Amino acid sequence: MKAIKGALIDLSGTLLVENSLTPNAVAALARLKAAGVKTRFVTNTTKESSARLHARLLRLGFSETIPAAEIFSSLSAARNLVQSKGVRRPLLLLSSEAKEEFEEAFPEAVVLPPNGTNNSDIAATYEEMTRACDAVVVGLAPEQFAFEQLTCAARVLMRGNLLIAIHKGIISLLQFTASFLAPDIVSAKARYYQRNDGLALGPGAFVAGLEFATGVSALLVGKPQPSFFRLALEDMGLTSDEVVMIGDDVKDDVGGAIEMGMSGILVKTGKYRDGDEVKHGINPTWIENDFASAVQRILAQAQTLPANS
């Protein structure tokens, strides 16, 4: 094994859960950087723009260790993909905080009023707002997943437009439901995330529903897409065998990294559930209790390798 020169680090579930830090995360990251290990932070978070995410990380104590330039967000990758496709007026099924990522590049982008609006003819209003839309972008946006909003999104797609999904990661609605309620029943690419009150449904089920209803296959952005990992590797100037991925998702974080030739450390925080490491046919390089333990593993591994590794 080559010496580890770089680390790709997941954010949600690995360094923090909502606004709570995992044990000793700030100090551990500082130790990793002090040891000369290059870092990039790869996240599928779509609840907020990159600017808001970075500001939140600074408030939580990462002001010295996470510069904005080291954050690789699936949300910004999605924006770049939409631009490359020549889209002018996307329908954004995104949270109000996340849509900021698209505002400068897409001044005509559409975000529908949230469910619960008092408009008595909301279906007609939605139809008028989306008539000129030429793509649909889906992230984590619970307020956008009501029946009429999804119906409008389906109509946009039925006119032959693009569906762009940020970390869809799902096989079917049936498999999603089975794996969410009883993760040991089926090895599915079900996507969920950890909140302070427990696991919460991700956007994958809604993407699958739109695909099923319209026959349109989504273009996927974010982990575990090789192109997403490759951007971070190129930015560090390192090869995959010099880099380790640290994350709480055995499939999107660890599995995706290993397929790219990286090492993968699965941490038992965030969305991790007992037995994840044996249910999906993925063999993490190491399994650690939390991010701080993962850093200890990396630093110890460096000490055991020859100086020219």
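Details of the structure are given in the entry above.
Residues numbered from 1 in each chain as written. Predicted model: local features only at pLDDT ≥ 70, side-chain atom pairs only at ≥ 80, totals over all residues. Heavy atoms only, no water.

Participant: Teacher, can you tell me more about the overall build of the protein chain here?
Facilitator: Helix and strand counts for the protein chain stand at twelve helices and 14 strands. Sorting the 309 residues of the protein chain into buried and exposed places 54% on the buried side. Within the protein chain, contacts between residues at least 6 apart in sequence are counted, and of these 70% link residues at least 24 apart. Carbon and sulfur atoms form 51% of the exposed surface of the protein chain, whose accessible area is close to 13,400 Å². (Helix = DSSP H or I, 4+ residues; strand = E, 2+ residues; numbered from the N terminus. Buried < 20%, exposed > 50% of the residue type's maximum accessible area, 1.4 Å probe, protein only. Contact = heavy atoms within 4.5 Å. Areas by Shrake-Rupley, 256 points an atom, 1.4 Å probe, with all protein chains shown as cover.)

Participant: I keep staring at the sheet that holds strand 11 (residues 219–221) and nothing clicks. Help me out?
Facilitator: Either a parallel or an antiparallel arrangement is found when strands of a sheet pair, and the pairing is made through backbone hydrogen bonds. Spatial strand order, 6-7-8-11: four strands in an open sheet with parallel pairing. Looking at strand neighbours, the two that pair on one side only are strand 6 (90–93) and strand 11, the edges of this open sheet. Each strand of the sheet is rotated relative to its neighbour by a mean of 20°, with strand direction disregarded. When strand 7 (residues 135–138) meets strand 8 (residues 162–166), the two strands line up parallel, connected through four bridges. Each bridged residue has a counterpart across the sheet, and for Val 137 the counterpart in strand 8 is Ile 164. This element, helix 8 (residues 204–214), spans strand 6, strand 7 and strand 8 of the sheet and lies at about 160° to strand 8. (Pairing = 2+ DSSP bridges. Axes fitted to C-alpha atoms, helices over the stretch in contact; angles between N-to-C directions.)

Participant: Would you mind going over the pattern of salt bridges with me for this structure?
Facilitator: Oppositely charged side chains may form a pair once their charged atoms are brought near each other. Counting across every chain of the model gives 15 salt bridges. Here Arg 40 makes a salt bridge to Asp 235, at a shortest N to O gap of 2.7 Å. Of this pair, Arg 40 sits in strand 4 (residues 38–43) while Asp 235 sits in helix 9 (residues 226–236), and the two are 195 residues apart along the sequence. The partly exposed category is assigned to Asp 235, whose relative accessible area is 43%. One salt bridge connects Asp 253 with Lys 223, and the closest N-O pair in it is separated by 2.7 Å. Placement of Asp 253 in helix 10 (residues 250–259) and of Lys 223 in the loop between strand 11 and helix 9 is noted, with a sequence separation of 30 residues between them. Take Asp 253 and Lys 223: they sit in the same class, and that class is buried. Shared partners join several salt bridges into a network, and the residues in it are Lys 33, Arg 40, Glu 70 and Asp 235. (Salt bridge = Lys/Arg side-chain N within 4 Å of Asp/Glu carboxyl O.)

Participant: Explain the sheet that holds strand 5 (residues 71–73) here, please?
Facilitator: Taken in spatial order, the six strands line up as 5-4-1-12-13-14 in an open sheet, and their pairing is parallel. Taken across any chain shown, the strands that pair with only one partner, and hence form the sheet edges, are strand 5 and strand 14 (286–288). With strand direction ignored, the average angle separating the axes of adjacent strands in the sheet is 20°. Contacts from helix 3 (residues 74–84) reach strand 4 and strand 5, with the element oriented near 60° to strand 5.

Participant: Quick question: what am I supposed to make of the state of the cysteines here?
Facilitator: What we call a disulfide is simply a covalent bond connecting the sulfur atoms of a pair of cysteines. Evaluation of the coordinates by the stated rule reveals zero disulfides. No disulfide involves Cys 133; its nearest neighbouring cysteine sulfur is the one of Cys 152, lying 8.7 Å away. (Disulfide = S-S within 2.5 Å.)

Participant: Would you mind showing me how to read the packing of aromatic side chains here?
Facilitator: Working definition: an aromatic ring pair is given by the centre-to-centre distance plus the angle between the planes. Throughout the structure, instances matching the rule amount to two aromatic pairs. Geometrically, the ring pair formed by Phe 102 and Phe 106 is tilted, given 6.0 Å between the ring centres and 35° between the ring planes. Owing to a relative accessible area of 4%, Phe 106 belongs among the buried residues under this scheme. With 4.0 Å between their ring centres and 20° between their planes, Phe 145 and Phe 206 make a pair best called stacked. (Phe/Tyr/Trp six-rings, centres within 6.5 Å; stacked < 30°, edge-to-face > 60°.)

Participant: Would you mind showing me how to read the packing of helix 5 (residues 122–130) against helix 6 (residues 147–158) here?
Facilitator: Pairs of packed helices are described in terms of their axes, by the angle between the two and the distance that separates them. Look at helix 5 against helix 6: their axes get within 10 Å of each other, and the N-to-C directions meet at 35°. Crossing of helix 5 against helix 6: the hand is right-handed. Every residue of helix 6 that contacts helix 5 at Ile 122, Ala 123, Tyr 126, Glu 127 and Thr 130 is listed here: Glu 148, Gln 149, Cys 152, Arg 155 and Val 156. The residue inventory of the contact of helix 5 with helix 6, partitioned by class, reads five nonpolar, two polar and three charged. (Left-handed = near helix turned anticlockwise from the far one by under 90°. Nonpolar A, V, L, I, M, F, W, Y, C, P; charged D, E, K, R; others polar.)

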